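Tertiary structure, described
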Amino acid sequence: MRKLYIMCFTLIVLLSTSMSVQAMESKTIERQSGSSAYANWYETNGDVTTYTYMSVTETDDGTDICLDIYTSGPDYCSEKWGYMFTEDDVFSIDKKLNSASLSDIELEVTDWNTGETDTVTVGADWTGTGEISTGSSTSKSTTGDYVWRSSENSKYRGASATGSINGMDLGISTDASMSNFKSAYMSMEK
């Protein structure tokens, strides 16, 4: 009887160990840290209004840059949009969010109405304004045997931005911000 008990106990330990190892093998954790900046410019010239949006996000992998230019007049509107990812060192930001800069880069944009593409040169500079704010968020989701968790901590600060497209000055931004962030994602299958 004692031998049977020891054998059963050993079997349970072996099974639980193998289940723990299997659970550990299906667990994925990703951590990311980075910085970002965005700006909006809004200009009215007679009957023509132009809205320009630019965002830059830098992580350990590289830098994502997005540009959207929307122009409308009395009887027409157009929108050009461009995105690029680069591993080149084109974006710099102060850790205390005092300033940030996007070097002049060439970006391909597409006209949504015509489908035509064009290459533009864009650049921007940000200067921090006001106080630094902090934020954090966590979330968890469970679906059957699948568990997903995420958390993010960030610091952000309002900014004033200047920018240019093909050498044309966009003026002072109507809205802009800079941020630093750290995030973690965990997924596990039970």
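Everything that follows concerns the structure shown earlier in this document.
So, here's what we can say about the structure.

Scoring rules and cut-offs
- Residues numbered from 1 in each chain as written.
- Predicted model: local features only at pLDDT ≥ 70, side-chain atom pairs only at ≥ 80, totals over all residues.
- Heavy atoms only, no water.
- Helix = DSSP H or I, 4+ residues; strand = E, 2+ residues; numbered from the N terminus.
- Contact = heavy atoms within 4.5 Å.
- Pairing = 2+ DSSP bridges.
- Phe/Tyr/Trp six-rings, centres within 6.5 Å; stacked < 30°, edge-to-face > 60°.
- Buried < 20%, exposed > 50% of the residue type's maximum accessible area, 1.4 Å probe, protein only.
- Patch = residues over 30% accessible without salt bridge, like charges linked within 9 Å, V, L, I, M, F, W, Y side chains within 5 Å.
- Areas by Shrake-Rupley, 256 points an atom, 1.4 Å probe, with all protein chains shown as cover.
- Salt bridge = Lys/Arg side-chain N within 4 Å of Asp/Glu carboxyl O.
- Lys, Arg positive; Asp, Glu negative; His and termini not counted.
- Charge placed at Lys NZ, Arg CZ, Asp CG, Glu CD.
- Polar contact = N/O pair within 3.5 Å; in protein donor to acceptor, adjacent residues only side chain to side chain.

1. Focus: the environment of alanine 184
Topologically, alanine 184 is positioned in strand S11 (residues 175–189). Along the backbone, alanine 184 and glutamate 152 are 32 residues apart, and their C-alpha atoms lie at a distance of 6.5 Å.

2. Quick word on the environment of threonine 110
Here threonine 110 shows up in strand S6 (residues 99–111). Contacts of threonine 110, omitting those with residues within four sequence positions, involve Glu79, Lys80, Trp81, Gly115, Glu116 and Thr117.

3. Some thoughts on the pairing of strand S8 (residues 133–143)
Taken together, the eleven bridges between S8 and strand S9 (residues 146–165) define a ladder with antiparallel strand orientation. Considered in S9, the bridge of serine 137 is made with glutamate 152. As consecutive antiparallel partners, S8 and S9 are separated by two residues, and within that stretch glycine 144 has a phi angle of approximately 60°, a positive value.

4. Notes on the packing of aromatic side chains
Under the counting rule described, the total for this entry stands at five aromatic pairs. Relative to tryptophan 126, the ring of phenylalanine 91 has its centre 6.3 Å away and its plane inclined at 85°; by these criteria the two rings are edge-to-face. Of this pair, phenylalanine 91 sits in strand S5 (residues 91–93) while tryptophan 126 sits in strand S7 (residues 117–128), placing them 35 residues apart in sequence. Here tryptophan 126 falls in the buried class, since its relative accessible area comes to 1%.

5. Brief notes about a positive patch on the surface
Among the surface-exposed residues, Lys27, Lys140, Arg149 and Lys190 lie close enough to one another that they form a single positively charged patch. One can find lysine 140 in strand S8. Since its relative accessible area comes to 54%, lysine 140 is described here as exposed.

6. Looking at a negative patch on the surface
A surface patch of negative charge is lined by Asp60, Asp61, Glu87, Asp88 and Asp89. Locating glutamate 87 in the fold gives a position in the loop between strand S4 (77–86) and S5. Glutamate 87 gets classed as exposed once you look at its relative accessible area, which sits at 67%.

7. Some details on the side chain of serine 150
Structurally, serine 150 can be placed in strand S9. On the basis of relative accessible area, serine 150 is assigned to the buried category, the value being 15%. Here the side chain of serine 150 touches serine 139 through a polar contact of 2.7 Å, side chain to side chain. Contact partners of serine 150, with chain neighbours within four places excluded, come to Ser137, Thr138, Ser139, Ala184 and Tyr185.

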